[in-house]
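Read off the chains here:
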Amino acid sequence: MGSRTSPVSQPVTIRRAVARDAKRLTRLVRGSSAYAGKYAAAVAGYRVGPDYIEAHRAFVAVGADEQGDRVLGFYSLVLAPPELDLLFVADEAQGRGIGRQLVAHMQSEARAAGIDRLKVVSHLPAEDFYHRVGAVRTGTALANPPAVPWDRPEFEFRIPSD
């Protein structure tokens, strides 16, 4: 994930994910170039199902296009224990500040739920992104073969109260 700085070309809205988003979110995860090559196996069979969306605080960033709402990214906040479980931005939408908007929204949701800190187990290529949006490195999640055969950086977001 390189540093990209193109402006937001269309308004972005963040809304609660609904069951009908499940297939689009699954495609976004499986199609992420951050999981190409040696990382592909980690998301090859991954599924964001309606049950997952209902069980967690999942939110999508959407932008309008000719076909209606286009999913540009999403995140999922788990409340107990507090963790940012998923955060993805579509490859073609990266560099427009959408990831930063999703993180700010996530922090607002966490604050509203009374959470003052939450964990993130990051994907290696996303490590720089998490540093840039204010997460603090706290350790390393060790490999868990065969699902995840590599170590991953662990971060923490500290959520200031208003």
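Just so it is clear, the structure is predicted and the values come from calculations on it, not from any experiment.

Chemist: Lay out the overall build of the protein in plain terms, naming residues and giving numbers.
Modeler: Secondary structure assignment for the protein yields 4 helices and 7 strands. In the protein, the succession of helices and strands from N to C terminus is β-α-α-β-β-β-α-β-α-β-β. Relative to its length of 162 residues, the protein is compact, with a C-alpha radius of gyration of 15 Å against a globular reference of 15 Å. Within the protein, buried positions represent 43% of all 162 residues. Within the protein, contacts between residues at least 6 apart in sequence are counted, and of these 63% link residues at least 24 apart. By element, 51% of the accessible surface of the protein is carried by carbon and sulfur atoms, the whole surface being about 8,600 Å².

Chemist: Which residues make up the environment of alanine 64, and what are the values?
Modeler: Examined against the element boundaries, alanine 64 turns out to sit in strand S2 (residues 57-65). In the structure, alanine 64 is positioned 54 residues away from glutamine 10 in sequence and 7.3 Å away in space, judged by C-alpha atoms. Sequence-distant contacts of alanine 64, that is, excluding residues within four places in its chain, are made with Gln10 and Pro11.

Chemist: Describe in detail the nonpolar core, supporting the description with residues and values.
Modeler: As a rule of thumb, soluble globular proteins bury nonpolar side chains together. With 47 residues, the main nonpolar core has Phe74, Leu84, Leu118, Tyr130 and Phe157 as its most contacted residues. If sequence neighbours within four positions are ignored, tyrosine 130 has contacts with Leu84, Leu87, Val120, Ser122, Ala135, Phe155 and Phe157.

Chemist: Could you give me a rundown of the pattern of salt bridges, with the residues and numbers involved?
Modeler: The final tally for this structure, using the stated rule, is 8 salt bridges. Residue arginine 47 is joined to aspartate 51 by a salt bridge in which the shortest nitrogen-to-oxygen separation is 3.8 Å. Using a relative accessible area of 53% as the deciding quantity, one classes aspartate 51 as exposed. Residues glutamate 109 and arginine 57 are paired through a salt bridge, measuring 3.5 Å at the closest nitrogen-oxygen approach. Of this pair, glutamate 109 sits in helix H3 (residues 98-112) while arginine 57 sits in strand S2, placing them 52 residues apart in sequence. Owing to a relative accessible area of 26%, arginine 57 belongs among the partly exposed residues under this scheme. Three or more residues joined by partner-sharing salt bridges are found here, namely Arg15, Asp21 and Arg24.

Chemist: Help me get a handle on unusual backbone geometry, residues and values and all.
Modeler: The linkage connecting alanine 80 with the following residue, proline 81, adopts the cis geometry, with an omega of -10°. Residue proline 146 is bonded to the preceding proline 145 through a cis peptide linkage, with omega at 5°. With respect to the helices, strands and loops of the structure, proline 146 is situated in the loop between strand S6 (136-141) and strand S7 (152-158).

Chemist: Talk me through the confidence of the model for the protein; I want residue IDs and the actual numbers.
Modeler: Overall, the predicted model of the protein reaches an average pLDDT of 91, with 93% of residues at or above 70. Low pLDDT, under 50, characterises residues 1-8; the predicted model gives this stretch 13 contacts beyond four residues in sequence or across chains.

Chemist: If you had to explain H3 to someone new, which residues and values would you point to?
Modeler: Along its 15 residues, H3 runs 21 Å from first to last C-alpha, staying within 8% of the 21 Å computed at 1.5 Å per residue. Inspection of H3 places Ile98, Gly99, Leu102, Val103, Met106, Gln107, Glu109 and Ala110 among the buried residues, and these make up the whole buried set. Of the residues trailing H3, glycine 114 is marked for its positive phi of about 85°.

Chemist: Which residues make up the environment of proline 11, and what values go with them?
Modeler: The topology assignment puts proline 11 in the segment before strand S1 (12-16). Owing to a relative accessible area of 69%, proline 11 belongs among the exposed residues under this scheme. Considered as a pair, proline 11 and valine 62 are 51 residues apart in the sequence and their alpha carbons are 8.5 Å apart. Residues contacting proline 11, with those up to four places away along its chain left out, are Val62, Gly63 and Ala64.

Chemist: Which residues make up the packing of aromatic side chains, and what are the values?
Modeler: Working definition: an aromatic ring pair is given by the centre-to-centre distance plus the angle between the planes. Tallying each qualifying case throughout the model produces 7 aromatic pairs. For the pair tyrosine 130 and phenylalanine 155, a centre-to-centre distance of 5.7 Å together with 35° between the ring planes defines the contact as tilted. Taken together, the residues tyrosine 130 in helix H4 (residues 127-132) and phenylalanine 155 in strand S7 connect sequence positions 25 residues apart. A connected cluster of aromatic rings, assembled from ring pairs, spans Phe129, Tyr130, Phe155 and Phe157.

How each quantity is defined
- Residues numbered from 1 in each chain as written.
- Predicted model: local features only at pLDDT ≥ 70, side-chain atom pairs only at ≥ 80, totals over all residues.
- Heavy atoms only, no water.
- Helix = DSSP H or I, 4+ residues; strand = E, 2+ residues; numbered from the N terminus.
- Rg over C-alpha atoms; globule rule 2.2 N^0.38 Å.
- Buried < 20%, exposed > 50% of the residue type's maximum accessible area, 1.4 Å probe, protein only.
- Contact = heavy atoms within 4.5 Å.
- Areas by Shrake-Rupley, 256 points an atom, 1.4 Å probe, with all protein chains shown as cover.
- Core = buried A, V, L, I, M, F, W, Y, C linked by side-chain atoms within 4.5 Å.
- Salt bridge = Lys/Arg side-chain N within 4 Å of Asp/Glu carboxyl O.
- pLDDT = per-residue confidence, 0-100.
- Expected span 1.5 Å × (residues − 1).
- Phe/Tyr/Trp six-rings, centres within 6.5 Å; stacked < 30°, edge-to-face > 60°.

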